[in-house]
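In case you want the letters, here they are:
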Amino acid sequence: SFHLDQVDSAALGIQTVRDNHPRASGYNFHFGDTFKVSPKLSLSLGIRWDLFKPTVEKSDNLSFFDPLGANPGAGGRPGRLAFGGTKWGSASYGKRYPEELWKRGFAPRLGLAYSVTPQTVLRLGYGIFFSNPIYPNWSGGIAQDGFNATIPFSSSNSGYTPAFLLSQGFPAIPPSQIPPFIDSSFANGKDLMYRPLDANRLPYSQQWNLTMEHQFSGELHVSAAYVANKGTRLPSRVGALNALDPKLLSMGSKLYDEFQPGDTLLHGVPLPYDGWLKQLTCAPTVAQALLPFPQYCSSLQGVNESIGNSTYHSLQLKAEKKFSNRMYFLASYTLSKLLTNSDGVQSDASTWSGAHGVISPYEQNRTKALGTNDVPQAFSLSFIYQLPAGKGQRYASRSGAVNKLIGGWQAGTIFRATSGVPFFFRSGFCNVPGQFRASCIPSSSGDPFAQDKGSYDPNSKLFRRDAFEPSDSFNFYYGKGPRVSDFRGFGYHNQDLSLVKNTNITERVNLQFRAEFFNIWNWHTFTNPGGDGGFNSGVIDIDVASPSFGDWNGTVSLPRTIQFGLKLVF
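As a starting point, this report considers the structure included with it. (Residues numbered from 1 in each chain as written. Predicted model: local features only at pLDDT ≥ 70, side-chain atom pairs only at ≥ 80, totals over all residues. Heavy atoms only, no water.)

## Details of the overall build of the chain
And then number 1: If you tally the helices and strands in the chain, you get three helices and 22 strands.
And then number 2: Burial status across the chain gives 43% buried among its 570 residues.
And then number 3: Counting contacts in the chain only where the partners sit at least 6 residues apart, residues at least 24 apart contribute 74% of the total.
And then number 4: When the accessible surface of the chain is split by element, carbon and sulfur atoms take 57% of a total near 29100 Å². (Helix = DSSP H or I, 4+ residues; strand = E, 2+ residues; numbered from the N terminus. Buried < 20%, exposed > 50% of the residue type's maximum accessible area, 1.4 Å probe, protein only. Contact = heavy atoms within 4.5 Å. Areas by Shrake-Rupley, 256 points an atom, 1.4 Å probe, with all protein chains shown as cover.)

## Some details on the packing of aromatic side chains
And then number 1: Enumeration over the complete set of coordinates arrives at 32 aromatic pairs.
And then number 2: Both rings, one in Phe323 and one in Phe329, keep their centres 6.4 Å apart while their planes meet at 65 degrees; by these two values the pair is edge-to-face.
And then number 3: Between Phe423 and Phe425 the ring centres are 5.9 Å apart and the planes differ by 25 degrees, which places this aromatic pair in the stacked class.
And then number 4: Among the residues examined, Phe423 registers a relative accessible area of 1% and is labelled buried.
And then number 5: Its relative accessible area of 4% is what places Phe425 among the buried residues.
And then number 6: What links up through ring pairs into an aromatic cluster is the set Phe423, Phe425, Phe449, Phe463, Phe468, Phe487 and Phe549.
And then number 7: Sitting over the ring of Phe186, Lys190 keeps its end group 4.7 Å from the ring centre. (Phe/Tyr/Trp six-rings, centres within 6.5 Å; stacked < 30°, edge-to-face > 60°. Lys NZ or Arg CZ within 6 Å of the ring centre and 35° of its normal.)

## A word on the state of the cysteines
And then number 1: Inspection of the entire model under this criterion finds two disulfides.
And then number 2: The disulfide partner of Cys282 is Cys297, and the gap between their sulfur atoms is 2.1 Å. Here the disulfide of Cys282 and Cys297 is left-handed, its torsion about the S-S bond being about -80 degrees. Highlighted residues: Cys282 in the loop between helix H1 (276-279) and helix H2 (286-289) and Cys297 in the loop between H2 and strand E15 (309-322), separated in sequence by 15 residues.
And then number 3: Sulfur-sulfur distance for the disulfide between Cys430 and Cys440 comes to 2.1 Å. Sign of the S-S torsion, about 75 degrees for the bond between Cys430 and Cys440, identifies this disulfide as right-handed. Placement of the pair is Cys430 in the loop between strand E19 (409-418) and strand E20 (492-504) and Cys440 in the loop between E19 and E20, with a sequence separation of 10 residues. (Disulfide = S-S within 2.5 Å.)

## Some points on the side chain of Asp543
And then number 1: Looking at the secondary structure, you find Asp543 in the loop between strand E21 (510-518) and strand E22 (561-569).
And then number 2: Salt bridges are absent for the buried Asp543, whose nearest opposite-charge side chain, Arg465, sits at 7.1 Å.
And then number 3: Within the structure, the side chain of Asp543 is placed 2.5 Å from the backbone nitrogen of Gly428, a separation counted as a polar contact. (Lys, Arg positive; Asp, Glu negative; His and termini not counted. Salt bridge = Lys/Arg side-chain N within 4 Å of Asp/Glu carboxyl O. Polar contact = N/O pair within 3.5 Å; in protein donor to acceptor, adjacent residues only side chain to side chain.)

## So, the nonpolar core
And then number 1: Among the nonpolar cores identified, the biggest contains 37 residues, and Phe259, Phe423, Leu462, Phe463 and Ile540 are the most heavily contacted of them.
And then number 2: Counting residues per element, this core draws most heavily on H2, which supplies three residues.
And then number 3: Sequence-distant contacts of Phe463, that is, excluding residues within four places in its chain, are made with Phe423, Phe425, Pro448, Phe449, Ala450, Phe468, Ile540, Ile542, Phe549 and Gly550.
And then number 4: One finds Trp88, Ala91, Phe153 and Phe186 within the second-largest nonpolar core, a separate group that totals 20 residues. (Core = buried A, V, L, I, M, F, W, Y, C linked by side-chain atoms within 4.5 Å.)

## Concerning the pairing of strand E18 (residues 377-386)
And then number 1: Relative to E18, strand E16 (residues 327-340) is paired through nine bridges, and the arrangement is antiparallel. Paired with Met327 across the bridge in E18 is Tyr385.
And then number 2: Across nine bridges, the pairing between E18 and E19 is antiparallel. Of the residues in E19, the one forming a bridge with Tyr385 is Ala411. (Pairing = 2+ DSSP bridges.)

## Considering the environment of Thr527
And then number 1: Along the polypeptide, Thr527 turns up in the loop between E21 and E22.
And then number 2: Residue class for Thr527 comes out buried when judged on its relative accessible area of 0%.
And then number 3: Note: C-alpha distance between Thr527 and Phe490 (37 residues apart in sequence) is 6.5 Å.

## A look at the pairing of strand E3 (residues 22-36)
And then number 1: Across 14 bridges, E3 lies against strand E4 (residues 41-57) in antiparallel orientation. Bridge assignment links Asp33 to a residue of E4, and that residue is Leu45.

## Looking at the side chain of Asp50
And then number 1: Structurally, Asp50 can be placed in strand E4.
And then number 2: Within the structure, the side chain of Asp50 is placed 3.1 Å from the side chain of Arg48, a separation counted as a polar contact.
And then number 3: Those residues in contact with Asp50 that sit more than four places away from it in its chain are Tyr27, Asn28, Gly105, Phe130 and Leu202.

## A short note on the pattern of salt bridges
And then number 1: With the rule as written, the count across this model stands at 14 salt bridges.
And then number 2: The partner of Arg48 in a salt bridge is Asp50, with the nearest N and O atoms 3.1 Å apart.
And then number 3: Between Arg233 and Asp198 there is a salt bridge, with the nearest N and O atoms lying 3.4 Å from each other. Of this pair, Arg233 sits in the loop between strand E12 (220-232) and strand E13 (265-266) while Asp198 sits in the loop between strand E10 (164-165) and strand E11 (204-216); the two residues are 35 residues apart in sequence, bridging distant segments of the chain.
And then number 4: A residue is classified by how much of its surface remains accessible, and Arg233, at 8% relative accessible area, is buried.
And then number 5: Judged by relative accessible area, Asp198 falls into the partly exposed class, the value being 35%.

## Quick look at unusual backbone geometry
And then number 1: Across the junction of Pro179 and Pro180, the peptide omega takes the value 15 degrees, indicating a cis bond.
And then number 2: Here Pro180 lies in the loop between E10 and E11.
And then number 3: Residues other than glycine seldom take positive phi values, yet Asn519 does so here, at roughly 55 degrees.
And then number 4: Within the element layout of this structure, Asn519 appears in the loop between E21 and E22.

Here it is, written out as structure tokens:
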């Protein structure tokens, strides 16, 4: 019979630590001054010092991975669950956090301005800029494995028999499953928080620029600038600690074979330690046994790793002109290139379709490529015009009802055009054990485009499948392609228009009406909604193993949007 109160599956969370109180502190000091070296030369010098103490939990109710400590439940091999502070007996880490506190965050700043002529100025700048450390998860790197537990209850036959009846209450929980478990072996066979020991050494960028500015007669101002930066120790997910050497792919299908009770050796690979089979929540395969830390099923990826880096170079041109009190014009153009292995702070997209964590950590030379948001060319043109009507203007300058109606109007428009961002190709068929921490990335030979993007027919494929490594080749082999390719998607262009009406109700009260038209011409480009090109994997199928590889999925940029608004300013 079926009971309305039956439960096929459920989970009961048991907490010995009900609250989480992360704590962090940061300090910075800055000193700088500008010196007038000569009538033509100004020099700005400064230095800044940054210190960020690693996050802790107020009562040391936190745990994390200790890569050096002996694990008593894993045959004494390195890699254990450690508990912050000193009050947890032999499971204590000894310090409140795993990172080594880094105190050398000194950042010099230099600026120089030289007046070549009364209308021409040369500017030069250099500086080092530190960021704060980044921690995994949404709790500032605070995990409480061992303090809390989630006890699952499941049906033994796919729901035909309930796990239990609510009318009879929750089943009794054995004392052995009730936390706390202050034990360095508690996380064996599971996942756990990994905060690298050197993660407090702050991410930083070196930034420099050289700018020439010139003021022409008639309120025309132009500038040309070389702007660049180099990022070091950036947040990344490309250095998984618990990964297999690609040389082991030669074992082929043997890597998937599983140890059975009583096995001490399988295909020449020894059982990591007694009790390993019972601990694992993942399959006890040969590949798992070969890992540096076979007691853990996770990749042990840090966030603030030492290997995240980037280089950026750009030429930036700008011209602005004020034609009169009512008309203003600005045009800008940027030519740039971004190479990186770290595309963002939240770089946790480690699946095959992502851009992070997809290349073996043993092949770091392959990780640096074009940024997923690299836009080599960007142009914008903006224009603002104030209607010459209303109080103080050429027409209807007197106050009164006419001024209230036609005075205070302003029109503005901006046009933008950018190059496309790069594609990153992947293969959905990837017969490689996950312990290698690598996805299958096909390389290409020659031009992969089946048609010209300038005359693109969305009813036909954009790419030639035969230009890439065949998907069936990814059998214990994960390809030689780059993390992000040199082949770009479709460019983007857009024009917005705004009409603004300011009406002074009193001397201190102003009513502003706005009419804004985004993408006024309703242009559609083959880019993701949002207008900047987005990840082209969302526009064209980039999975070489997919039957629809190279097909457009129907996504285009956002349509025309019109909005009206009223704002009272007082």
